[in-house]
Amino acid sequence: MYGCFFIVVMLFLSGCSFLEGVNNSLNYVNEATEYANEVSTFTSEVPSLAEQAVMDQQAANELETRLEEMKANIEEFNELEAPQAGADLHQQVVERNNQALEGIQMYLDNMENGKLDASVIENTEIFQSLREITEVIDQIKQLGE
């Protein structure tokens, strides 16, 4: 009698563990999808904002805010714990994120030093890295399917 009860409890607990793993994976995929949307919006809006910022202080302030927000989003994503199945893909995103962070910091430093040049932002690793991130996140999304 106790043996059957023990087996049922063990099966229940292992099932809960499995469901927790599935939920963690789905949460990660949802976070990655949200992050990909943020990256996409950033890469589509910031280049034109950078062009405006060269001549308009309000646009420069907005650009600085957007760069700081993206920096925070990148750092937050880097801290996510990826499911085992997506660990390699997550590491690829983190590596590209770190390249983007360097580019963002470089641009922020240039802004602080009064060297605002719209062409610099398009030629930095920020956008190349972020475009590559969306490609990797598309692969992560496939984990949730």
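Residues numbered from 1 in each chain as written. Predicted model: local features only at pLDDT ≥ 70, side-chain atom pairs only at ≥ 80, totals over all residues. Heavy atoms only, no water.

### Things to note about the overall build of the chain
Regarding its fold elements, the chain presents five helices and zero strands. For the chain, the N- to C-terminal ordering of α and β elements is α-α-α-α-α. A separation of at least 24 residues holds for 75% of the contacts in the chain among residues at least 6 apart in sequence. Within the structure as shown, the chain displays about 9100 Å² of accessible surface, and the carbon and sulfur contribution to it stands at 50%. (Helix = DSSP H or I, 4+ residues; strand = E, 2+ residues; numbered from the N terminus. Contact = heavy atoms within 4.5 Å. Areas by Shrake-Rupley, 256 points an atom, 1.4 Å probe, with all protein chains shown as cover.)

### Some thoughts on helix H2 (residues 57–79)
Given a rise of 1.5 Å per residue, 23 residues ought to cover 33 Å, and the 33 Å separating the end C-alpha atoms of H2 matches this to within 8%. Between a side-chain oxygen at the N-terminus of H2 and the backbone nitrogen of Gln-58 the separation is 3.0 Å; the capping residue is Asp-56. (Expected span 1.5 Å × (residues − 1). Polar contact = N/O pair within 3.5 Å; in protein donor to acceptor, adjacent residues only side chain to side chain.)

### Points about the confidence of the model for the chain
Residues of the chain with pLDDT of at least 70 account for 73%, and the chain-wide mean is 77. The secondary-structure element of the chain with the lowest mean pLDDT is helix H4 (residues 118–123), recorded at 63, while H2 shows the highest, at 94. Within the model, pLDDT remains below 50 along residues 1–20, and this stretch shows zero contacts once partners closer than five positions in the same chain are excluded. (pLDDT = per-residue confidence, 0-100.)

### Comments concerning the nonpolar core
Tyr-35, Leu-63 and Leu-130 are the most contacted members of the largest nonpolar core, which totals 31 residues. Only helix H1 (2–53), H2, helix H3 (87–112) and helix H5 (125–143) provide two or more residues apiece to this core. (Core = buried A, V, L, I, M, F, W, Y, C linked by side-chain atoms within 4.5 Å. Buried < 20%, exposed > 50% of the residue type's maximum accessible area, 1.4 Å probe, protein only.)

### Quick word on a negative patch on the surface
A cluster of acidic residues, Glu-64, Glu-68, Asp-109 and Glu-112, forms a negative patch on the protein surface. For the negative patch, the secondary structure elements donating two or more residues are H2 and H3. Within the secondary structure layout, Glu-112 lies in helix H3. (Patch = residues over 30% accessible without salt bridge, like charges linked within 9 Å, V, L, I, M, F, W, Y side chains within 5 Å. Salt bridge = Lys/Arg side-chain N within 4 Å of Asp/Glu carboxyl O. Lys, Arg positive; Asp, Glu negative; His and termini not counted. Charge placed at Lys NZ, Arg CZ, Asp CG, Glu CD.)

### Some remarks on H3
If you check H3, its first and last C-alpha atoms are 36 Å apart, about what 26 residues at 1.5 Å a residue would give, namely 38 Å. Residues of H3 that are buried: Leu-89, His-90, Val-93, Val-94, Asn-97, Ala-100, Leu-101, Gly-103, Ile-104, Tyr-107, Leu-108 and Met-111. Once H3 finishes, Gly-114 follows within two positions and takes phi at roughly 75°, a positive value.

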